[in-house]
Structures are given as structure tokens and as C-alpha cells.
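For reference, the chains in residue letters:
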Amino acid sequence: DVQLQAYGGGSVQAGGSLRLSCKVSGVVFKDIGIGWFRQAPGKEREREAVSAITIIDESKYYADSVKGRFTIFCDYGRNTVYLQMNNLEPEDTAVYYCAVDSVPTAWDEEALGVSEYDYWGQGTLVTVSS
């Protein structure tokens, strides 16, 4: 079974940093794409893309809202993808989820599309205080 374990969330003040981790098992790591998504508090809020990466060639994608502040990267030996979040703002407060796309084709168009992903982790909460 494909399993994703997301961790690294916490509470920080605006301007602070956190690093999220997503450890993946049950798939050939090099063949997949991994995305980070977030959902702000409240049931009215939709899940939105944050960043994504293909493992085999490390193509990277970022939502406009996080460009220049967040960096996605992988550790092949640990089967883990990280999201380094710098200069955090209160608007970044959300539950962050990692997800796997088993066949990351046409990713120039689909990397940040929630419907592209096949498996989801449990989420980790990030709270940014002003």
C-alpha cells in the first residue's frame, strides 16, 4: 500500500520558518510526483496547491502565493520530499497535505491540480501568528 507521512508543522510568528517533510513508502520513489497542498481553517475553504516536484528530474512548481518564499526539494535516499517555508505569513496558516501522483505525465499543466493525485497523507498543521 502507498503510504505518506507528513510532519513538521507547528506554530511560528510571522517572518519565521518551518520545514515540512513527506516520507513516502509503497511506491518506486523515482517514478512519482509529489505535491504539497493546504486547506485553511474552516469548512468553507478549498484545498489549494502549494508546490509540486517530479522525483526523476526534479521539475518544480510553485503557486504564485508562495514563490520566492517556499522551496521544495527531495532526498532520494530517504524517500522524502521537503517543503522549506520561509518568511511565513498569517495567510499561510493551514493544514498542509502531501500527495502522490503515481504517473506524473503532462505536469506542466497538471502538477498543481488536486485531481491529479492518487494518494494523500494525513496532513500537518501550520499556524502563523501576526
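Just above sits the structure.
Residues numbered from 1 in each chain as written. Predicted model: local features only at pLDDT ≥ 70, side-chain atom pairs only at ≥ 80, totals over all residues. Heavy atoms only, no water.

A.B. asks: Even after reading the chapter, I still don't get the overall build of the protein, so can you show me in this structure?
C.D. replies: Across its full length, the protein carries one helix and eleven strands. Reading the protein from its N end, one meets helices and strands in the order β-β-β-β-β-β-β-β-β-α-β-β. For the protein, the C-alpha radius of gyration of 14 Å lies close to 14 Å, the compact-globule estimate for 130 residues. Taking the principal axes of the C-alpha coordinates as reference, the protein spans close to 40 × 30 × 25 Å. For the protein, the residues scored as buried account for 45% of the 130 residues in total. For the protein, contacts bridging at least 24 residues in sequence account for 59% of all contacts bridging at least 6. As displayed, the protein offers around 6600 Å² of accessible surface, 44% of which is attributable to carbon and sulfur atoms. Taking the 11 positively charged and 18 negatively charged side chains of the protein as two groups, their mean positions are separated by 7 Å. (Helix = DSSP H or I, 4+ residues; strand = E, 2+ residues; numbered from the N terminus. Rg over C-alpha atoms; globule rule 2.2 N^0.38 Å. Buried < 20%, exposed > 50% of the residue type's maximum accessible area, 1.4 Å probe, protein only. Contact = heavy atoms within 4.5 Å. Areas by Shrake-Rupley, 256 points an atom, 1.4 Å probe, with all protein chains shown as cover. Lys, Arg positive; Asp, Glu negative; His and termini not counted. Charge placed at Lys NZ, Arg CZ, Asp CG, Glu CD.)

A.B. asks: What exactly am I supposed to notice about the pattern of salt bridges here?
C.D. replies: Any two side chains of opposite charge can pair if their charged atoms end up close together. The final tally for this structure, using the stated rule, is six salt bridges. Salt bridges sharing partners connect three or more residues here, namely Arg38, Glu48, Arg69 and Asp92. (Salt bridge = Lys/Arg side-chain N within 4 Å of Asp/Glu carboxyl O.)

A.B. asks: What should I look at first to understand the state of the cysteines in this one?
C.D. replies: By the definition in use, this model includes one disulfide. A disulfide bridge connects cysteine 22 with cysteine 98, and the sulfur atoms are separated by 2.2 Å. Its torsion about the S-S bond being 75 degrees, the disulfide of cysteine 22 and cysteine 98 is classed as right-handed. Here cysteine 22 is found in strand β3 (residues 18-25), whereas its partner cysteine 98 is found in strand β9 (residues 94-101), with 76 residues between them in sequence. With relative accessibility at 0%, the residue cysteine 22 sits in the buried group. (Disulfide = S-S within 2.5 Å.)

A.B. asks: Would you mind showing me how to read the side chain of threonine 124 here?
C.D. replies: By secondary structure assignment, the location of threonine 124 is in strand β11 (residues 124-129). At a separation of 3.0 Å, a polar atom in the side chain of threonine 124 contacts the main-chain amide nitrogen of glycine 9. Once you skip the residues sitting within four places of it in the chain, threonine 124 turns out to touch Ala6, Tyr7, Gly8, Gly9, Leu20, Ala94, Val95 and Tyr96. (Polar contact = N/O pair within 3.5 Å; in protein donor to acceptor, adjacent residues only side chain to side chain.)

A.B. asks: I'm lost on unusual backbone geometry in this one. Help?
C.D. replies: A negative phi angle characterises most non-glycine residues, just as the trans form characterises most peptide bonds. Despite not being glycine, asparagine 79 has its phi angle at roughly 50 degrees, a positive value. Among the structural elements, asparagine 79 can be located in the loop between β7 (70-75) and β8 (80-85). Accessibility expressed as a relative area gives 24% for asparagine 79, which makes it partly exposed. Phi is positive for alanine 106, which is not a glycine, with a value near 55 degrees. Position of alanine 106 relative to the elements: it lies in the loop between β9 and α1 (107-110).

A.B. asks: Help me understand the packing of aromatic side chains, please; the structure alone is not making it clear to me.
C.D. replies: Think of a pair of aromatic rings as described by two things: how far the centres are apart, and how the planes are tilted against each other in angle. Evaluation of the coordinates by the stated rule reveals seven aromatic pairs. Seen from their ring centres, tyrosine 61 and tryptophan 107 are 5.8 Å apart, and the 70 degrees between their planes marks the pair as edge-to-face. Of this pair, tyrosine 61 sits in strand β6 (residues 60-62) while tryptophan 107 sits in helix α1, placing them 46 residues apart in sequence. Neither residue differs from the other here; tyrosine 61 and tryptophan 107 are each classed as buried. (Phe/Tyr/Trp six-rings, centres within 6.5 Å; stacked < 30°, edge-to-face > 60°.)

From the geometry alone we can't say anything about function, so treat these as descriptive.
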